[in-house]
Each structure stands twice: as structure tokens, then as C-alpha cells.
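Structure at a glance
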Amino acid sequence: MYGNKNKAEVFVRIITFAYKLVKMENDLTYTIIKPQSSLLDLNLRELWQYRDLIRMYVKRDIVTFYKQTILGPLWFVLQPVLTTVMFMFVFGNLAGISTDGIPGVVFYFSGIIIWNYFADCLNRNSRTFTDNQNVFGKVYFPRLVVPISVTISNLVRLAIQFALFVVIYIYFFATGADIEPNIYLLFLPLLVLMTAGISLGFGIIFSSLTTKYRDLTFLLQFGVQLWMYATPIIYPLNSIPADKQWLIQLNPMTSVIETFKYGALGTGVFSWGWLGYSFALMTLLILVGIMIFNKIEKSFMDTV
Amino acid sequence: MPTAIKIENLSKQYRLGVIGTGTLSHDLNRWWTMNVLRREDPYLKIGETNDRATKGNSEYVWALKDINMEIEQGDVVGIIGKNGAGKSTLLKILSRVTKHTTGTIKYKGRIASLLEVGTGFHPEMTGRENIYMNGAIMGMTRAEITRKLDEIVDFSGCERYLDTPVKRYSSGMTVRLGFAIAAHLDPEILVVDEVLAVGDAEFQKKAIGKMQDVSKGEGRTVLFVSHNMGAVRNLCKTGYVLKNGMIDFCGTAENAIGHYLATKVDDVVTQKTICTEDNLPQEKTVAFMTAAIEKNKCSFSFKEPISFVFEIKARKAVADCRINATIADACGAAIGSVSNDEFFSINKDEKKKIRFTLLDHNLAAGQYSISFSVGTGNYKTGQTDFDILISLFNFDIDTYDENIPDSKSCAQWNVGWGSIMFPHKTEII
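Each residue is numbered by its place in its chain's sequence as written, counting from 1. Each chain is given a letter, starting from A, and each ligand a number, starting from 1, according to the order in which they appear as written. Under the rules for a predicted model, residues below a pLDDT of 70 receive no local features and side-chain atom pairs below 80 are neither given nor counted, while totals for whole chains, interfaces and linings still include all residues. To obtain the side-chain values, all non-hydrogen atoms of the structure were included, while hydrogens and water were left out.

**A look at the pairing of strand E16 (residues 334-338) of chain B**
Residues and elements named next belong to chain B. Note the cut-off: At least two DSSP bridges between two strands are needed for those strands to be called paired. For the purposes of this entry, the term helix denotes a DSSP run of H or I that reaches at least four residues, the term strand denotes a run of E that reaches at least two, and both are numbered from the N terminus.
As defined by bridge partners, strand E15 (residues 318-329) adjoins E16 across four bridges and the pair is classed as antiparallel. Considered in E16, the bridge of Ala 325 is made with Val 338. As consecutive antiparallel partners, E15 and E16 are separated by four residues, and within that stretch Gly 332 has a phi angle of approximately 95 degrees, a positive value.

Shown next as C-alpha cells:
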């Protein structure tokens, strides 16, 4: 009954109708802002839409760090090198703390670069709201963009420092120091991820709480310094009596640094259990952190 | 036209005073009542309307209360009101910078705010880098910015400085660049708060043109907050007047401006004490102590003499003292002044009472404010002001006296005619 022409026409009509329907659907999508949202209303899709902003923030952090400096990116490596020299003198020579038979340079440097990454991220992330209230007070974007980009941009710094570590490492390895790299070195990406995760989690929890209670800023400032001594950086975990080691292991950064030292240098303590504990704690911190952060970001302008 | 923004029962509560002291106890109390006892937030009930001038009893205040708005797509809405009426809070909530306490907002598309242009500019980065950065902050993707880069640069007129760090830019250039980015965002809803106050005249024209294009040609919605009645009149179709956090008036922009100006002078002040003998300012040779409008009223009829009485006190003797005055219209623009040639002398530590009368002022119906200064000197010696009182009193010319010629036509005065009815004479010859 219907010719081909008619069929085609019907087909076109159906397509147009469907198109209109879809378009109407689009037209009806309102964004709704409600006063209170549930804790789990995370909106990660929105975060993904702002991925270009994360990239721009990372770029900005890196580029502006060494603008108008003479040494430029060299500052990235100078800091851990000087700290290592200081540690070798104070803790190695003066205090005579054991380095587990590893050359002091390698022993301290390996711990310092990871710790620096952790401490830098934690410090800056904990200031997310106070540092950015100017921008946050004027434009809306998912605030989580800022701590995430800080964590990523510090990663670049870590990479540069790590390259120097590799050079030092190869030198000592070639000159026959007592270093035994092993298969556990493959954990490295996971360890970096865990460091990033723990600092991000703690950082955003602190940043959310400091918007109201400024006391925490002071607590964190010296807290991070003390925390370093509760992490086996200037001493090997072995040097702690075996029955007290669990106390240091409760610190989630301990197993991260010990695992790295175990894999790269062949000394130290490796424990699946404690590594798993750190990983679980990291996941928990991030989840709780994002939940609190998400709640605070909506009203912090009134309290900051 | 479909609705672009729908605001229902929007309210926003602020806590007054120092935040941080006692908040923990309130937080705990709130948490206890809401989560354990499962009752309403105890602090939501208390709270007063947002009137800056009166002292309230409550620690909490409603910056916005029960705001309902329905804004059509393509409409240009002007939001006017006194300082602290809640205009900026409303825009902040709309641009999602802060959260409201109750109510819902529905909107379609992307809201871009021009609360302050150039937000997030990093001084060390170049203009080009900042365009990308700023665009990304405003929610544009990288590809979108690249596509519009030429247009943005062209609009800002900063092409030569594109690869120079923004810290070397003049403030005008920074604003241009910021506005250029924001104007090319292509948001469905544009929120503008007093940005036009900055930038040079040529650029302001461009910016206003762009705002008109945005709303007319492309069917976008614009929300415009300003104290500049002229700009609101030129740009907006619809107007809302906010007062103490509530909508006082809603209608066409022209009517809203009329309503706003009419209610602006409702705080009747006819007496003011500037200082007492105990706290006389040290640096002023002659200082105003009190000021009052005689007859204790704020509204006058056409050509009615208006008298002001002052008490002044001198620290040093001045031989030729004089009082000058400037009258401004409701928008704050000066329309005329008195430059006095009548001098009086005042001795050291002497207190004098002075009457100043405005005669034959010919001010047409409208709202005015008057400023005074006490000083010395004339056109030969140069003038020195000892003390200045800016916008001391507001007064209206709104009644008419049948015995005065032209008084009736003054009563039907149109704002568009200006502020002064010139003395005139029509003769048949």
C-alpha cells in the first residue's frame, strides 16, 4: 500500500519526532540547588567535567613555582639534598643512629623524598579553603579540583627528586654498597599512590575542619614535624624493640616507607598485613574526607 | 518564553558577631537536636529580618527571606536595593558560591557570574595562560577556549600584551581581559554585579553592548545588580527591588526604579549630632557639632525656602568663615552648589549657631541629598574646607503651593526632564 517514498517519509518523521523528544528532554533538564544534600551526593561526574581545570591548576603550580628564580627547577632537588646532608651530620655522625648498613645518603634520601611529598601535599591540602577563599568566594567549581591538582603537581616534583635518587642509587650500587634491590620494588607505583591518597585524605579532612576551628592549623604545623619522627625515616624500623614496633606501624606512612626501603635497599620490614592496613586506612580517609569536604564546600564562605 | 530560573521560598540565614566563639556549643546543640532527638534545627526558628540600622536581639539574621522569583529566558533582570538588602547574597547563592538555608532554585543551563572579573588570575602567568586558567575556572573546556581565543583577545584589546605576565598589566587591562573571557563564556544565564564601575568609557560601552547582545540576539538571561539607576534603566526589562532581604517590588525596570527611589528617603532624619564638645576632632580648625533641618520635616513644596541650623565650634579664630552647600539628585550626581560670599568671623573656642537657608532653589519634584562644608577663603585666596558633611540630609520636593506660579506643573514633573525648573517668562510681543 505504501510506496517506498512514503516509507522513507514515515521514517524521517519518526526520526524527527524522536529527535524532538530527546531535545525536549534536554530542554527540561534543570539544575536544582537544594539547601541540604546527603553526605554521599558526590557528583564525580561534575569533577570529570572540570578535568581541564585540574590540568590548568597543575600547570600553574609547576610554572609559577620557579618563575623569577635563577636556579629554577633546581630548587626541586636542592631541598632534599640539603636535608639529607643535614640528617647525615646530625643523626648519622652526632647521634650515631644506625642506617641498617646502608650508606647514609641512600638511606636518608629515600625516606626524605617520599616524606617531603607527603608533608607538602598534606600541608597545602589542609589550607585548601583558607588559601583559595578569594577564588572560591566568587566562582563555583567543584572544590575538590584544588586538592587533587595539588597532589598531582607535587607528583612532578617527586618525579624530579626521584630521578636524582636513581642516579645516587646507581652510583652506590655500582660501587658495591650493600644494596639489594628485589621484586618488592614493583610496589613503587602503589606506594606513591598510597602516599598521595593518605595526604589527600588527611589534607581535605583538615582543610574542612579548619574553616571553622582555626586551632587545627597550629596543630598540623608542628604535628607534621613530629609525625616525621614517628615514621622510620631517620632510623630503621628494626631498631625499635620488636614488641613496640606495632606502635610505629599504626602510622600508615610507616609501611609505605618501609616497603619502599625493603624493595629498593633490601633492608627493613615488609609485612602484607601492615601494608594492607595502610591501604585500608587510606581508602577510609579518602572516603570520609570527600564526604566532609563535600559538605563543607557549600557553606564554608560563611564561616571561613 | 520558558522559565530560565525559578526560585522558590529561598531564605538565607547568617550568624552575626564573631564566628568561632560559641559555635562549637551551637554545633553540638544543633547536632544533638537534629540527629538524636530528630527535631528541627533549633537555630532556624530564631532570627530577624535583615535591617542593618536597627539593633536586633537575635544572634541570627535572615539575609534573605522567602524570595520567590520566576525569570523568563532572555529576560534582563535588574536587582536594586540599598546596601545590605541582600542583592549580592542572592547572586552568590545563584552562582553557587554559598548555600542557602531553605528553599530551592531551579535553573536551566550554565550560570556564569561576573561577581568580580579577573577572578583567579595569577599575576605570574601570561595573559594567554590566564585566559585558559580563567576560562577553565568558569567551566569552559580547553577546546572551547582555543576556539574562542582570537575573539577574546580581540574583544579585550590586549593583543600586544598577550605573552606578558598579568602583573605588568594596568588594572583597566586586567578588567578588560577578565570581562572578555566572561563575555565569551556563552552561559545561558549571566550574573553581573557592578562590574561596569571599572574600566574606561570605551570599554564600558563595549561591555554594555555585549550584555545587550547576549540577552537580545542569543536569548540568554541576564541578572544585573547595580546602584547605577541609569545602567539598570538602559539595560533591563524587569526589575526587582530588595529590601531587608525580602522582595519589596517586582515589575518593569522603570517602575522598580521609581519604587526604589520613592522608598529610599523613607528614613526621615532631620537632626544629626556630628560631635560633642568632649570629642571635638583635633585636626579641624572649625568643626560642625550639630545639624538640623528647620521645621523638622523632610518634604518641601516647590520654591519653599529650606533652612538648616548648625552649631559650629572653632579651635582657632577665623576672620572670614563661610558655609557652602552642594545638592545631589537621587542617583548621587551633583546638580548644583552654593559658593558663599557671606562671611562671618568666629573667635578661638567660640561656639556659634548658624542658619543657612536655600532660597528660590527651583528644584523640581524629586529626591535630593545635600552636603555642607565650613571653610574659609574666596576666589582670590583659594578655598579651604575645615569640615565637610557629605550627604548630610535627604529631602524631597513633593508638595506644591497653589500660590506659587508653575507649581502645578512641578507636581507632575517627569524625571526625564531633569531636576531644575528654570525661572522663565513667556511674553506675547
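Once the structure has been displayed, the description carries forward.
**Some words on the sheet that holds strand E14 (residues 306-314) of chain B**
Residue and element names in this part refer to chain B. Rules: Under this scheme, a helix contributes an axis fitted over its contacting stretch, all axes are lines through C-alpha atoms, and angles between N-to-C directions fall in the 0 to 180 degree range.
Strand order across the open sheet formed by four strands is E11-E12-E14-E18, with antiparallel pairing between neighbours. The two strands at the open ends of the sheet, each matched to only one other strand, are strand E11 (271-273) and strand E18 (351-358). Recorded for the sheet is a direction-independent mean angle of 25 degrees between the axes of neighbouring strands. Bridge count for strand E12 (residues 286-293) against E14 is seven bridges, and the pairing is antiparallel. The residue bridging Ala 292 from the neighbouring strand is Val 309, located in E14.

**Let's talk about the pattern of salt bridges**
For side chains of opposite charge, pairing can occur when their charged atoms come near one another. Put simply, the test is: We define a salt bridge as a contact between a side-chain nitrogen of Lys or Arg and a carboxyl oxygen of Asp or Glu at a distance within 4 Å. Burial here depends on accessible area, computed with a 1.4 Å probe over protein chains only, as a share of the maximum for the residue type. Under 20% is buried, over 50% is exposed, and the range in between is partly exposed.
In total, this model carries 15 salt bridges over all chains according to the counting rule given. Among the ionic pairs, Glu46(A) bridges to Arg96(B), the shortest N-O distance being 3.7 Å. Of the two residues, Glu46(A) sits in helix H2 (residues 44-49) while Arg96(B) sits in the loop between helix H3 (87-94) and strand E5 (102-107), which places them in two different chains. A salt bridge links Glu350(B) to Lys352(B); the nearest nitrogen and oxygen atoms lie 3.5 Å apart. Residue Lys352(B) is classed as partly exposed on the basis of its relative accessible area, which comes to 24%.

**Things to note about the packing of aromatic side chains**
For the record, the criterion: Between rings of Phe, Tyr and Trp, where Trp is taken as its six-membered ring, a pair exists when centres lie within 6.5 Å; planes separated by under 30 degrees are stacked, by over 60 edge-to-face, and by other angles tilted. Charge over a ring is defined by NZ of Lys or CZ of Arg lying within 6 Å of the ring centre and within 35 degrees of the ring normal.
This model, assessed by the stated rule, comprises 35 aromatic pairs over all chains. Considering the side-chain rings of Trp115(A) and Phe118(A), the 5.0 Å spacing of their centres and the 45 degrees angle between planes classify their relative orientation as tilted. Residue Trp115(A) and its partner Phe118(A) are both found in helix H5 (residues 104-126); the two are separated by three residues, about one turn of the helix. By relative accessible area, Trp115(A) is classed as buried at 4%. Relative accessible area serves as the criterion here: at 0%, Phe118(A) is assigned to the buried category. Centroid distance Phe187(A) to Trp272(A): 5.5 Å. Interplanar angle 70 degrees. Geometry classified as edge-to-face. Of this pair, Phe187(A) sits in the loop between helix H7 (145-174) and helix H8 (188-210) while Trp272(A) sits in helix H12 (residues 272-296), and the two are 85 residues apart along the sequence. Residue class for Trp272(A) comes out exposed when judged on its relative accessible area of 58%. An aromatic cluster is present here, built from Phe109(A), Phe162(A), Phe165(A), Tyr169(A), Phe173(A) and Phe260(A) joined pairwise through their rings. The lysine or arginine in question, Lys261(A), covers the ring of Phe107(A), its NZ or CZ lying 3.7 Å from the ring centre. When the ring centre of Trp62(B) is taken as reference, the NZ or CZ atom of Lys65(B) above it lies at 4.5 Å.

**A short note on unusual backbone geometry**
Residue and element names in this part refer to chain B. In the Ramachandran plot, Arg 96 falls in the positive-phi region, its phi being about 65 degrees despite a non-glycine side chain. Notably, Asp 349 is not glycine yet its phi reads approximately 60 degrees, a positive angle. Position of Asp 349 among the secondary structure elements: in the loop between strand E17 (344-346) and E18. Among the residues examined, Asp 349 registers a relative accessible area of 47% and is labelled partly exposed.

**Observations regarding the confidence of the model for chain A**
Residues and elements named next belong to chain A. To keep things clear, this is the line we draw: A score between 0 and 100, pLDDT records how confident the predictor is in each residue. We call two residues in contact when some of their heavy atoms are within 4.5 Å.
Put simply, chain A has an average pLDDT of 83, and 87% of its residues get 70 or more. Across chain A, the element-wise mean pLDDT spans from 59 in helix H1 (residues 4-27) up to 92 in H8. Below pLDDT 50 for its whole length, residues 24-28 participates in one contact with residues either more than four positions away or in separate chains.

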